[in-house]
Amino acid sequence: MSLLVPLQFTCLIAFVLLLVAAAWQDLRTMRIANALSLGIVAAFAVWALSGLAGGNTSLSKIGLAVGCALAVFALGALGFVIGVLGGGDVKLLAAASLFAGPALMTDFLMITALAGGLLGLATLAGARIGPAAPAGDASASARLRGRLPYGPAIAAGGLWVAAALAAS
């Protein structure tokens, strides 16, 4: 039983490392490998099962977390269809929302949105975020049409969640 708390902490460390790797990969390539999102899902599964075995969580809480993640995935898929989110972003957002669950979902989404807004403002201000854009029109409207790596924003929200879970 005493190994369960360290196991959950190890899962949070894995969650953090996978988020950082996803953010870095998205910044460099505008892609997020499926393996990173699947790694987060696996870390959550171990985290949840060890919490269940240790009496720190219940099946209903795990079910609600999965339900929230499915809702986030469905909304993210809609965002993908209309062209405002990339597929990797949708998968990372849903995977990270597993750890947020219903209790931290609002915080997770708010921090993610704020970080994304800061990335967007930085891009509008002329910061080169993501892979080098082709030379050409550097106007604000051209920067608005460009792609923005959203993985770092999702990672910021996820890091907030990890810190909140570690503190509790």
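Along each chain, the written sequence defines residue order, and numbers are assigned to residues from 1. Totals for whole chains, interfaces and linings use every residue, but because this is a predicted model, local features are given only for residues with pLDDT of at least 70 and side-chain atom pairs only at 80 or more, for both listing and counting. Heavy atoms from the whole structure form the basis of all side-chain values; hydrogens and water molecules are not counted.

**Student:** Teacher, can you tell me more about the overall build of the protein chain here?
**Tutor:** To qualify as a helix, a DSSP run of H or I must reach at least 4 residues; to qualify as a strand, a run of E must reach at least 2; elements of each kind are numbered from the N terminus. A tally of helices and strands in the protein chain yields six helices and zero strands. Secondary structure elements in the protein chain, listed N-terminal to C-terminal, are α-α-α-α-α-α. The cut-offs for exposure are 20% and 50% of the maximum accessible area for each residue type, with area from a 1.4 Å probe on protein chains only; residues under the lower value are buried, those over the upper are exposed, and the others partly exposed. Counting only residues that meet the buried cut, the protein chain has 38% of its 168 residues in that class. Looking at the protein chain alone, contacts between residues at least 24 apart form 72% of all its contacts between residues at least 6 apart. Working definition of accessibility: Shrake-Rupley area with a 1.4 Å probe, residue cover restricted to the visible protein chains. In the structure as shown, the protein chain presents an accessible area of about 9100 Å², 73% of it carried by carbon and sulfur atoms. Note on contacts: a residue pair qualifies if any of its non-hydrogen atoms lie within 4.5 Å across the two residues.

**Student:** So what exactly am I meant to see when it comes to helix 6 (residues 151-167) here?
**Tutor:** Given 3.6 residues per turn, any residue in an α-helix points the same way as the ones three and four places further on. Relative to the 24 Å expected for 17 residues at 1.5 Å per residue, helix 6 spans 24 Å between its end C-alpha atoms, a close match to the ideal helical length. Along helix 6, the residues classified as buried are Gly151, Pro152, Ala153, Ile154, Ala155, Gly157, Gly158, Val161, Ala162 and Leu165. To estimate the expected span of a helix, count its residues, drop one, and scale the result by 1.5 Å.

**Student:** Teacher, can you tell me more about helix 4 (residues 87-124) here?
**Tutor:** Here helix 4 contains 38 residues, and its C-alpha end-to-end distance of 23 Å is more than 12% below the 56 Å for a straight helix at 1.5 Å per residue. Within helix 4, the axis deviates most sharply at Leu104, by approximately 115°. Phi for Gly126, located one or two positions after helix 4, is positive at around 105°. Two axes are fitted around each residue, one to the seven residues ending there and one to the seven starting there, and the angle between them is reported as the bend at that residue.

**Student:** What's the story with unusual backbone geometry in this structure? I'm lost.
**Tutor:** Leaving glycine aside, a negative phi is the common case for residues, and trans is the common case for peptide bonds. One non-glycine residue, Met30, lies in the positive phi region at around 60°. You can see Met30 is positioned in the loop between helix 1 (4-29) and helix 2 (34-53). Assessed through its relative accessible area of 16%, Met30 is described here as buried.

**Student:** Even after reading the chapter, I still don't get the packing of aromatic side chains, so can you show me in this structure?
**Tutor:** The description of two aromatic rings rests on the distance between their centres and on the angle between their planes. Between 30 and 60 degrees the pair is tilted, below 30 it is stacked and above 60 it is edge-to-face, where a pair is any two Phe, Tyr or Trp rings, Trp via its six-membered ring, whose centres lie within 6.5 Å. Evaluation of the coordinates by the stated rule reveals four aromatic pairs. These aromatic residues form a ring-pair network of at least three members: Phe15, Phe44, Trp47 and Phe99.

**Student:** Explain the layout of surface pockets to me, please; I cannot follow it from the model alone.
**Tutor:** In this approach the atoms are scanned with a rolling probe the size of a water molecule, which exposes any empty space left behind. Only protein atoms enter the 1 Å grid used here. Points where a 1.4 Å probe fits but cannot escape make up a cavity, open sets with protein on both sides within 12 Å along at least five of seven lines make up a pocket, and a residue lines them when an atom lies within 4 Å of a point. Grid points are joined across faces, edges and corners, and a volume is the space filled by probe spheres set on the points. There is about 600 Å³ of room inside the second largest pocket. Mapped by element, the contributors of at least two residues to the lining of the second largest pocket are helix 1, helix 2, helix 3 (59-81), helix 4 and helix 6. No other element matches the seven residues that helix 4 contributes to the lining of the second largest pocket. In this classification, Asp, Glu, Lys and Arg are treated as charged, Ala, Val, Leu, Ile, Met, Phe, Trp, Tyr, Cys and Pro as nonpolar, and every other residue, Gly included, as polar. For the lining of the second largest pocket, the residue count by class is 18 nonpolar, five polar and one charged.

**Student:** Help me out: how do you make sense of the packing of helix 4 against helix 6 in this one?
**Tutor:** Relative placement of two packed helices is described by the angle separating their axes and the distance separating the axes. Orientation of helix 4 relative to helix 6, taken along the N-to-C sense of each, is 130°, at an axis distance of 6 Å. For the element pair helix 4 / helix 6, the angle class is oblique. Viewed along their axes, helix 4 and helix 6 form a crossing whose handedness is right-handed. The residue makeup of the contact of helix 4 with helix 6, split by class, is 18 nonpolar, five polar and two charged. To get an axis, fit a line to the C-alpha atoms, keeping to the stretch in contact for a helix; angles then go from 0 to 180 degrees between the N-to-C directions. Any angle from 65 to 115 degrees is called roughly perpendicular, while one under 35 is roughly parallel, one over 145 is roughly antiparallel, and all others are oblique. Whether a crossing is left-handed or right-handed is set by the direction in which the near helix is turned from the far one by less than a right angle, anticlockwise for left-handed and clockwise for right-handed.

**Student:** What is the right way to look at the confidence of the model for the protein chain in this model?
**Tutor:** Detail in the predicted coordinates should be disregarded across regions flagged by low pLDDT. For the protein chain, per-residue confidence averages 90 on the pLDDT scale, and 89% of positions sit at 70 or higher. When pLDDT is averaged over each helix and strand of the protein chain, the minimum, 55, is found for helix 5 (residues 140-145) and the maximum, 97, for helix 3. The quantity known as pLDDT measures the predictor's confidence residue by residue, on a range of 0 to 100.

**Student:** I would appreciate a short explanation of the side chain of Asp89 in the present structure.
**Tutor:** Relative to the elements of secondary structure, Asp89 occurs in helix 4. Excluding anything up to four places from it in sequence, Asp89 contacts Asp26, Ile32, Tyr150, Gly151 and Ile154.

**Student:** What am I meant to see in the side chain of Ser50 here?
**Tutor:** Within the fold, Ser50 resides in helix 2. For Ser50, a relative accessible area of 4% gives the class buried. Here a polar contact means two N or O atoms within 3.5 Å. Within protein one must be a hydrogen donor candidate and the other an acceptor candidate, and residues neighboring in sequence count only if both atoms are side-chain atoms. Polar side-chain contacts of Ser50 include one of 3.0 Å to the backbone oxygen of Trp47.

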